[in-house]
Amino acid sequence: MYLRNREYNLGRAARFSGPLVVPARVGGYSLLRRCSLLIRKEKKITVFQHFFLENKTIGKMSIFPKISLRLEVEKYLKEGFMNKEVVSAFGKQEAERKFETLLNHLSHPPSFTTVRVNTHLASVQHVKDLLFDELQKQFNGLSVPILQHPDLQDVLLIPVIGPRKNIKKQHCEAVVGAQCGNAVLRGAHVYVPGIVSASKLMKAGDVISVYSDIKGKCKKGAKEFDGTKVFLGNGISELSRKEIFSGLPELKGIGIRMTEPIYLSPSFDNVLPSYLFLQNLPSAVVTHVLDPQPGEKILDLCAAPGGKTTHIAALMHDQGEVIALDKISNKVEKIKQNALLLGLNSIKAFCFDGTKALKLSTVKDAEGKPPFLPESFDRILLDAPCSGMGQRPNMVCSWTLKEVTSYQPLQRKLFTVAVELLKPGGVLVYSTCTITLAENEEQVAWALRTFPYLQLQPQEPQIGGEGMMGAGLSLEQLKQLQRFDPSVVPLRDTDIDSLRDARIEDMIWLANKDCIGFFIAKFIKCKST
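Each value, and the rule that gives it
Residues numbered from 1 in each chain as written. Predicted model: local features only at pLDDT ≥ 70, side-chain atom pairs only at ≥ 80, totals over all residues. Heavy atoms only, no water. Buried < 20%, exposed > 50% of the residue type's maximum accessible area, 1.4 Å probe, protein only. Helix = DSSP H or I, 4+ residues; strand = E, 2+ residues; numbered from the N terminus. Pairing = 2+ DSSP bridges. Salt bridge = Lys/Arg side-chain N within 4 Å of Asp/Glu carboxyl O. Contact = heavy atoms within 4.5 Å. Axes fitted to C-alpha atoms, helices over the stretch in contact; angles between N-to-C directions. Expected span 1.5 Å × (residues − 1). Core = buried A, V, L, I, M, F, W, Y, C linked by side-chain atoms within 4.5 Å. Phe/Tyr/Trp six-rings, centres within 6.5 Å; stacked < 30°, edge-to-face > 60°.

(A) Representation of the pairing of strand β8 (residues 155-159) within the structure. Here β8 lies mainly inside the structure; 5 of its 5 residues are buried. Here β8 shows no split at all, with V155, L157 and P159 on one side and L156 and I158 on the other all buried. Note: strand β6 (residues 112-117) against β8, 5 bridges, orientation antiparallel. Residue T114 lies in a different strand from β8, and its bridge partner there is L157. In this structure, strand β7 (residues 147-148) lies alongside β8, joined through 2 bridges in antiparallel fashion. Bridging across to β8, Q148 finds its partner in L156. Here β7 hands over to β8 after 6 residues, the two strands then running antiparallel side by side.

Spelled out as structure tokens, the structure:
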């Protein structure tokens, strides 16, 4: 599938006021029209969803190679996904297929861009209208739908169109670093610091083909690069090659403005900054699971860059106290800037190491600064530092096995502090943006053994799948976890034709599945420590 040259003006109806159907197409034929619901595994799912679950090889073929990992890291991950419990339940072949599918998904962007509305300053409908007008401008009149998530009322979803396969590659090229390339696949323009190489005669105003140096082999300032590179689309250079590599530190703005990205996503650079926060879907789910209430005292133990912190404050209607900690000073400043921009006054951010946030003496600190006395908080969010192996798109991870496995001890230190700081009856939510068993389900099993007064709690909303087997947790306990695993749906193409006839519930279902890899666990502290 591809984005056709003609533009469909769906008008305001593209905000989706009525039922829609997402067709899956093979060989140009629509496999789904308006269909009734099927019952599958005692859950109501549409024919569209049933088709996707049963036809795992249909959809788009991977246009990028699977994520590149060190052999020792890939082996470690594979052992986790093919542990005895999983293989016993699903068989070796299915466990291996699922693991390989996941590696493929990690190198591709999710099917939707997710933004959270700052409901403290504006209504969701008002922001949705403003965003619709903004997207019309960005996409030259092409009407891309904006969906409000039914279970996350402050979340808006925008479908990603692509991959677009009819983009003509240009003779003039620029190569960007892998991290910059990942951002481009999510809708960003190319900023000067991300440009590694540019063609010899590149001038401002030239149409440029942009490539990602996924293995980090291109030398800064090179005039050509024949190594492994991935095509990201075309753009217009804002600067000449000479200007880009002049060495002037003040050159930090846009170097190439993307005009034909292979994945068409909106740019949110300075777009409605007081009203919108760009956030992955599971990251927005976490704060709703925490369920902060007005008047409570809440701790975000590892808060940077402040997306969840500001979400907590907004859900509390800015009534109460939200303490945000991070040990890196410039990240703390970013939290303060975001709070100011979003008009939230209940947030107090401190540059402080979360592992030292527990006050050992009993002398009360009148200023409310860290460290804090035991049992000081009604709710605590521990969005823990992690290996980040669930982030998408990510075509390469150069980390060693030692680096990937270094987070489990740190997470346990932070968790222990969080338990001590939580009031009896209080709620602790633990989350990561990684896929490893060791940082997720194994941490839950460890927590339940180590702190017998903690109880695992059901989560609301329950949007992700259940936890993965392998850590010795019961089936009932696994159902109380949320693991967002993008491999449960095949990679697929999206074009404007399929969006035009799409049904809301099917698009929401796809957005819930095809997101980043993520994990959430919710605990309640039953008695004082």
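(B) Focus on helix α8 (residues 281-290). Extensive coverage of α8 is indicated by the burial of 10 of its 10 residues. Considered for burial, the residues of α8 that qualify are L281, P282, S283, A284, V285, V286, T287, H288, V289 and L290. Downstream of α8 by a residue or two, D291 has a phi angle that is positive, lying close to 55°.

(C) Main features of the pattern of salt bridges. Under the counting rule described, the total for this entry stands at 19 salt bridges. Between K66 and E74 there is a salt bridge, with the nearest N and O atoms lying 3.1 Å from each other. A relative accessible area of 31% means that K66 is categorised as partly exposed. The salt bridge partner of R97 is E94, with a shortest N-O separation of 2.9 Å.

(D) Spotlight on the sheet that holds β7. Pairing is antiparallel in the open sheet, where 4 strands are placed in the order β7-β8-β6-β15. The two strands at the open ends of the sheet, each matched to only one other strand, are β7 and β15 (276-278). Of the pairings in the sheet, the one linking β6 to β15 comprises 3 bridges and is antiparallel in character. From the neighbouring strand, V117 faces β15, where its bridge partner is L276. Lying over the sheet, helix α5 (residues 124-138) contacts β6, β7, β8 and β15, oriented at roughly 25° with respect to β8.

(E) Inspection of helix α12 (residues 407-421) at higher detail. With 15 residues, α12 extends 21 Å between its outermost C-alpha atoms, agreeing within 8% with the 21 Å of an ideal straight helix rising 1.5 Å per residue. Where α12 is concerned, the buried positions are Y407, Q408, Q411, L414, F415, V417, A418, V419 and L421.

(F) Representation of unusual backbone geometry in the model. For the bond from G162 to P163, the omega torsion is 0°, close enough to zero to count as cis. The omega angle of the peptide bond from A304 to P305 is 5°, so this bond is cis rather than trans. Following the sequence through the fold, P305 ends up in the loop between β16 (297-300) and α9 (307-315). At D291, a position not held by glycine, the phi torsion is positive, near 55°. Tracing the backbone through its elements, the reader meets D291 in the loop between α8 and β16. Overall, the relative accessible area of 37% leaves D291 in the partly exposed class.

(G) Summary view of the sheet that holds strand β11 (residues 195-198). Within the open sheet, the 6 strands sit side by side as β10-β14-β13-β12-β9-β11. Their pairing is mixed. Two strands lie at the open edges of the sheet, namely β10 (190-191) and β11, each paired on one side alone. Taken together, the 3 bridges between strand β9 (residues 173-177) and β11 define a ladder with antiparallel strand orientation. Pairing of V176 across the sheet is with I195, part of β11. Packing against the sheet, helix α6 (residues 178-185) makes contact with β9, β10, β12 (207-213), β13 (230-237) and β14 (254-261), and its axis sits at approximately 105° to β9.

(H) Broad picture of the nonpolar core. By size, the foremost hydrophobic cluster in this structure holds 65 residues, and its most contacted members are L131, L157, V429 and I520. Looking at which element gives the most residues to this core, the answer is α8, with 6 residues. A384, M389, L428 and A445 belong to the second-largest nonpolar core, a separate cluster that totals 56 residues.

(I) Spotlight on the packing of aromatic side chains. Within the structure shown, the criterion is met by 11 aromatic pairs. Each ring, one from F81 and one from F99, has its centre 5.7 Å from the other, and the planes form 40°; the classification is tilted. Placement of the pair is F81 in helix α2 (residues 71-81) and F99 in helix α4 (residues 92-106), with a sequence separation of 18 residues. With a relative accessible area of 0%, F99 lands in the buried category. In textbook terms, an aromatic cluster arises when at least three aromatic residues are bridged by ring pairs, as seen for F415, Y430, W446, F451, Y453 and F523.

(J) Molecular detail of the environment of L448. Looking at the element boundaries, L448 is found in helix α13 (residues 441-450). Taking the C-alpha atoms as reference points, L448 and L473, 25 residues apart in sequence, are found 9.8 Å from one another.

Purely geometric stuff here, so don't read any function into it on its own.
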